[in-house]
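Chain residues, written in single-letter form:
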Amino acid sequence: MTAPGITSYDSSIPTPESVIGHQIGTRHTLPYQVEAYFRAVAEVSDRVLFEEHGRSYEGRALIHAIVTSPKNHGRLDDIRRANLRLSDSPGDVTDEELSSMPVVLYQGYSIHGNEASGTEAAILYLYHLAAGSGPTVDDALQKAVVILDPMFNPDGRDRFTDWANRNRGRVAVSDSSDREHNEPWPGGRTNHYWFDLNRDWLPAQHPESQGRLELFHSWRPQILTDHHEMGAGSTFFFQPGIPSRNNPNTPERTYELTAAMAEFHARGLDRIGSQYYSKESFDDFYYGKGSSYPDINGAIGILFEQASSRALKTEVTDGTLHYAFTVRNQFVASLTTLEAGVSLRERLLRHQRDFYAEAADLARSHPIKAYVVGLDRGRTRAQYLAILLGRHRVEMYDLSEDVEIGGNLFKAGEAYVIPMAQPQMRFIKAVMEKTLLYQDSLFYDVSTWTLPLAFDVDYGEYRSEYRAIVGAPFRAVEPDGGEIVGGQASYAYLMPWDRYYAPRALYRILDAGITPRITRESFSVRVDGQLTRFNSGTIVIPLVGRATPSSDFDPAVVHDIVREAAEKDHVRFFAASTGLTPDGPDLGGASTSALSLPTIGLLTGSGMKSGEAGEAWHLISERFELPVSLLDTRTFGRTNLDRYSVILLPGGGLDESASEKLKEWVGSGGRLIVLSSGVRWAIEQDLVDLEAKPFEMDSLLTDLPFNEMKKARGAQQIGGSIFDLTIDTTHPLGNGLPEHLPVFHTGSTFYVAPETASSRIGTYSERGILSGYISDEKMKDLPGSAGVVVERGVVVFMDRLSFRAFWFGSQRLLMNAIFF
C-alpha cells in the first residue's frame with residue numbers, strides 16, 4: 001500500500017513482515033514482536049530513535065520511537081528545550097519564533113490491551129515514516145517531531161494476543177461464539193492488576209502511567225492521540241465529543257482546534273470510503289483519560305474509536321468486519337493526525353504558548369490564591385498527594401509561617417503551599433476544586449476527582465496574598481516521619497493507629513511471631529518523662545509474650561523489628577517502661593485484645609468484578625505488601641477455606657454451591673468483606689439484613705417523549721461522586737479514622753441503615769455530597785443511608801474504598817476490616 005504523497009519506500013528499512021514473521025492484519029502481533037520491529041527500524045534509519053520510558057509490572061518494556069527528519073535529529077535536544085519554553089517562559093516566545101518551530105505529536109495506541117488494532121497500525125505507521133519518500137512525508141518530518149508509542153499497555157496486550165492467537169485455527173472463524181472471540185476473565189483490557197490505564201493519566205498510580213507522564217512532560221507535545229476500539233456494530237469515531245460535556249476548565253480554543261483537526265480525519269476516511277462520526281458520544285470532561293489530559297496541559301487530545309473485530313474477523317449486521325480493515329482505519333487516522341499537525345502547526349504552537357501565558361491573569365482573578373496542605377494529620381497521605389502533584393509539574397513550597405484557614409491552624413514546617421500563580425494553574429484548579437453544578441447530567445466517566453478529599457488531608461483555601469507564607473521549594477515528598485520516641489523500651493512499644501502504613505507495620509510485627517494487642521479505650525503513658533495521650537486502637541507490642549519466657553525471646557529482637565517498621569513504614573512508636581498507666585486502662589487489661597496474623601483470600605474469576613478485585617489486590621499486595629491468595633470461582637468448590645481468616649468478595653456471581661460454602665465458612669467464624677459490587681448478593685444470601693430504598697423511575701418518565709427518556713434515566717445514575725461518610729469511631733473499623741470521611745461512590749441504589757447501632761458503622765451525613773453530580777431526586781435518599789454495615793462476621797461496604805488506587809483516605813477503612 002502506498003499512501004498519498006509517497007513516491008516510494010526505502011528498501012533498506014525492514015518491512016514489518018520481515019521482522020515479525022507475518023503480514024499485519026493476519027495475526028495479532030505480540031508485544032515482544034512489536035518491540036523487536038521498533039528496534040530493528042531504529043538500527044538502520046536515521047529518522048528513528050528508539051527509547052524506553054519504563055517497565056510494566058510484569059517487566060515488559062514501555063517503548064517509544066522519536067521520528068523526525070535526520071536534520072532535526074541532529075538538534076533534537078535543542079528542539080525539545082525550545083518547545084518547553086512554550087510552557088515555562090511563554091512570554092519570551094515570539095510569533096516569529098513559532099513560525100520556524102516544529103510541532104510535537106505524541107501518538108499513542110491500544111491503552112486497552114484487547115483493543116489491538118491500534119498497535120498494528122502503529123507498526124505500519126513507523127514503517128511509513130521511516131521508509132517513505134516523497135514531498136508529503138519529507139515535509140512532515142521536517143516540520144514535526146513524532147513520539148510514537150505503539151502500546152500503552154503491553155501486559156494487557158500480551159494477555160489478549162496470546163489468547164487470540166492460541167485459539168485460532170488455520171481458517172479464521174467469524175462466529176462470535178468461537179473461543180477466539182471470547183477471552184477469559186479478566187480479559188486483556190486492563191494492566192497486570194486489572195486497572196484501566198486510560199483512567200490513570202491523572203491519578204498516575206501505575207508504572208505504565210508514570211513512565212508515560214515523564215515522557216509527556218519531558219517534551220510537552222501539542223497533540224496527543226489515543227487509539228481505541230468500541231463495539232463491532234459501530235463505525236469510526238473521532239473527536240469532538242458531545243459539546244455539553246466539555247470540562248469548563250478547558251479553554252474554548254482547544255475545542256476549536258479539535259474541530260479543525262476533525263476535517264482532516266474526515267477527508268482521510270472519505271478517501272478510503274470508511275464510515276465515521278463525531279460529536280454524538282464520548283466527552284472531554286474527566287482529565288484522567290488520554291484524550292482529555294492533554295487539554296489541561298495546553299495540548300489537543302484526540303480520541304479515536306474503531307469498531308472492533310477482536311478476532312481476525314467477526315459477523316456484524318452489515319457483513320463481516322475484518323481485523324485488517326480496522327487496522328487500515330487506525331493507520332489512516334495516524335496519517336491524518338500528522339497532516340493536521342503540520343497544517344495547523346503555528347496555531348497549535350500559539351495555542352500552547354497562550355494557554356500558559358494566560359495562567360498569570362487567571363491566577364490573579366481567581367479568589368483562591370493558594371492551597372495549603374497540612375502534614376500534621378495524615379503525613380504520609382499528604383506526602384503521596386505531593387508526589388502525585390509533582391508528576392504533573394505542580395510547584396509546591398514549604399509553609400513559612402503559621403496560618404489559620406477556616407478554623408484550622410497550619411503550622412510552619414508542617415504544611416506545604418500550592419500557589420495558583422504558576423504555569424499549571426488550570427490543572428491545580430481542576431484537581432483541587434469541589435464541584436456541584438454541571439452543564440450536563442450525563443458523564444462518560446466520573447463527575448469529580450477532588451484530590452484532597454481522595455487523600456483525606458487537612459487543607460485550606462488561602463485567599464490572601466500568598467507570597468508571605470511561601471518558603472523554600474517543598475522537598476519532603478518521599479514518605480518519612482517514622483520514629484521511636486523514648487529510646488529502647490523495657491516493657492512494650494506503643495504504635496498509634498494514625499499513619500497510613502500502620503497496617504503494613506502491624507503485619508511485619510505479627511509475621512515475626514510477636515503477638516501485639518489492641519486497646520479499646522484511650523489511656524495515658526509517661527514517655528521520656530512526658531505524659532502522652534493515646535487513643536483507642538493503639539497497638540501494644542510487648543517485649544515478652546505470655547507463652548514465651550523472656551530468656552527465649554530477646555527484647556532486642558523486638559526493638560530491631562520496631563526500628564525497621566519505623567524506618568520502612570513511616571510509623572511512630574513510643575517506648576513504655578511499665579504496663580501501669582496513670583490514666584485509663586492498663587496495657588494488659590481486659591480492654592485490650594490479642595491480634596492474630598490475617599490470612600487473606602480474594603475471590604476472582606468469572607462472576608467477580610475485575611476492577612474492584614484489582615483495586616483490592618493492588619492495595620493489599622503491591623502497596624501494603626501482604627500476601628493474598630487469589631481464589632478462582634471455577635475451583636472455589638474444591639478450595640479448603642479453613643486456612644483463611646478473611647475473604648474479600650468483589651462481586652456477586654457465585655453459584656448456589658459456592659454461595660452455600662462461603663456462608664458455612666462465615667458461620668464457622670470466618671470474616672467476609674463484601675465490596676460494593678457484591679452488596680446485592682449478600683442481601684440475597686441473607687448474610688446482611690438490608691433493604692434498598694425504593695425509587696420510582698416511571699413517575700419521572702410519564703410525560704416525556706420517547707427521545708428524552710434515555711437521558712432522563714441517565715440523569716438518575718451516579719457514575720462517580722464523593723459522599724461524606726459518618727463513621728462510628730468507637731468500632732474497630734473506625735480505628736484511626738475521623739468521624740467524617742470522604743468516600744467515592746458509584747452506583748445509584750441506596751440502602752436503609754440498620755436500626756442496631758453496632759451494625760450501623762457508617763452512614764452518609766446530612767450534608768451528603770461533598771463533590772460531584774447527584775440528581776435532586778436521588779439526593780433526597782442519600783442522608784442517613786447505609787455506607788458500612790457489619791453483621792454476624794460480614795462487613796459490607798457500599799463505596800469504592802480504593803477507587804483507581806488513589807483513594808488513600810478510605811483505603812484505611814478496608815485495611816481496618818482486614819485486621820480488626
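Refer to the structure printed above.
Read on for an overview of the structure. (Residues numbered from 1 in each chain as written. Predicted model: local features only at pLDDT ≥ 70, side-chain atom pairs only at ≥ 80, totals over all residues. Heavy atoms only, no water.)

1. Overview of helix H8 (residues 154-166)
- Between its terminal C-alpha atoms H8 stretches 18 Å, which fits the 18 Å expected from 13 residues at 1.5 Å a residue.
- Among all positions in H8, only Pro154, Asp155, Gly156, Arg157, Phe160, Thr161, Trp163, Ala164 and Asn165 are buried.
- In this structure, the buried side of H8 is in contact with helix H2 (31-44), strand E3 (61-67), helix H6 (117-131), helix H9 (207-219) and helix H11 (323-343). (Helix = DSSP H or I, 4+ residues; strand = E, 2+ residues; numbered from the N terminus. Expected span 1.5 Å × (residues − 1). Buried < 20%, exposed > 50% of the residue type's maximum accessible area, 1.4 Å probe, protein only. Contact = heavy atoms within 4.5 Å.)

2. A short note on the packing of aromatic side chains
- Across all of its chains, the model carries 38 aromatic pairs by this definition.
- Taken together, the aromatic side chains of Tyr384, Phe455, Tyr500, Tyr501, Phe624 and Phe808 make up a single cluster linked through ring pairs.
- Across from the ring centre of Phe355, 4.3 Å away, lies the NZ or CZ of Arg426, which sits over that ring.
- Sitting above the plane of the Tyr501 ring, Arg504 keeps its charged end 3.8 Å from the centroid. (Phe/Tyr/Trp six-rings, centres within 6.5 Å; stacked < 30°, edge-to-face > 60°. Lys NZ or Arg CZ within 6 Å of the ring centre and 35° of its normal.)

3. Details of the side chain of Ser775
- Among the structural elements, Ser775 can be located in the loop between strand E35 (760-771) and helix H24 (776-779).
- Residue Ser775 is classed as buried on the basis of its relative accessible area of 5%.
- Here the side chain of Ser775 touches Lys778 through a polar contact of 3.0 Å, landing on its backbone nitrogen. (Polar contact = N/O pair within 3.5 Å; in protein donor to acceptor, adjacent residues only side chain to side chain.)

4. A word on the sheet that holds strand E7 (residues 223-230)
- Taken together, the 7 strands give an open sheet; going across it, the order is E2-E3-E6-E4-E7-E9-E8, and neighbouring strands pair in mixed fashion. The open sheet has two free edges, formed respectively by strand E2 (48-55) and strand E8 (236-238), since each of these has just one partner strand. Across the sheet, the mean angle separating the axes of adjacent strands is 20° when strand polarity is ignored.
- Pairing geometry for strand E4 (residues 103-109) and E7, over 5 bridges, is parallel. For Gly108, the partnering residue across the bridge sits in E7 and is Asp226.
- Taken strand by strand, H2 contacts E2, E3 and strand E6 (144-149), and its axis lies near 145° from that of E2. (Pairing = 2+ DSSP bridges. Axes fitted to C-alpha atoms, helices over the stretch in contact; angles between N-to-C directions.)

5. Observations concerning unusual backbone geometry
- Omega for the bond connecting Trp185 with Pro186 falls within 30 degrees of zero, at 5°, which places this linkage in the cis form.
- On the secondary structure map, Pro186 appears in the loop between H8 and H9.
- Along the chain, Gln239 connects to Pro240 via a cis peptide bond; the corresponding omega equals 25°.
- Considering the arrangement of structural elements, one finds Pro240 in the loop between E8 and helix H10 (252-272).
- The backbone of Ala204 sits at a positive phi, close to 50°, despite the residue not being glycine.
- Relative to the elements of secondary structure, Ala204 occurs in the loop between H8 and H9.
- In this structure Ala204 comes out as buried when scored by relative accessible area, which is 0%.
- A positive phi angle, near 60°, is found at Phe282, a position not held by glycine.

6. A few points about the pairing of strand E32 (residues 721-727)
- Counting buried residues in E32 gives 6 out of 7 residues, a clear majority hidden from the surface.
- Relative to strand E33 (residues 740-745), E32 runs antiparallel, the two sharing 6 bridges. In the sheet register, Leu725 faces E33, and the bridge partner there is Leu741.
- Summarising the sheet, E32 and E35 pair through 5 bridges and their orientation is antiparallel.

7. Observations concerning the sheet that holds E35
- Spatial strand order, E28-E27-E29-E30-E37-E36-E35-E32-E33: 9 strands in an open sheet with mixed pairing. Each edge of the open sheet is held by one strand with a lone partner, namely strand E28 (628-632) and E33. Within the sheet, the average angular offset between the axes of one strand and its neighbour, ignoring direction, is 25°.
- Bridging between strand E36 (residues 786-791) and strand E37 (residues 794-797) involves 4 bridges; their strand directions are antiparallel. Across the sheet, Glu791 pairs through a bridge with Val794, a residue of E37.
- Its contacts with the sheet place helix H19 (residues 610-623) against strand E27 (600-604), E28 and strand E29 (646-649), and it is angled at close to 155° to E27.

8. Focus on helix H15 (residues 425-432)
- Among the 8 residues that make up H15, 7 are buried, leaving the element largely enclosed by the rest of the structure.
- Buried within H15 we find Met425, Arg426, Phe427, Ile428, Ala430, Val431 and Met432.

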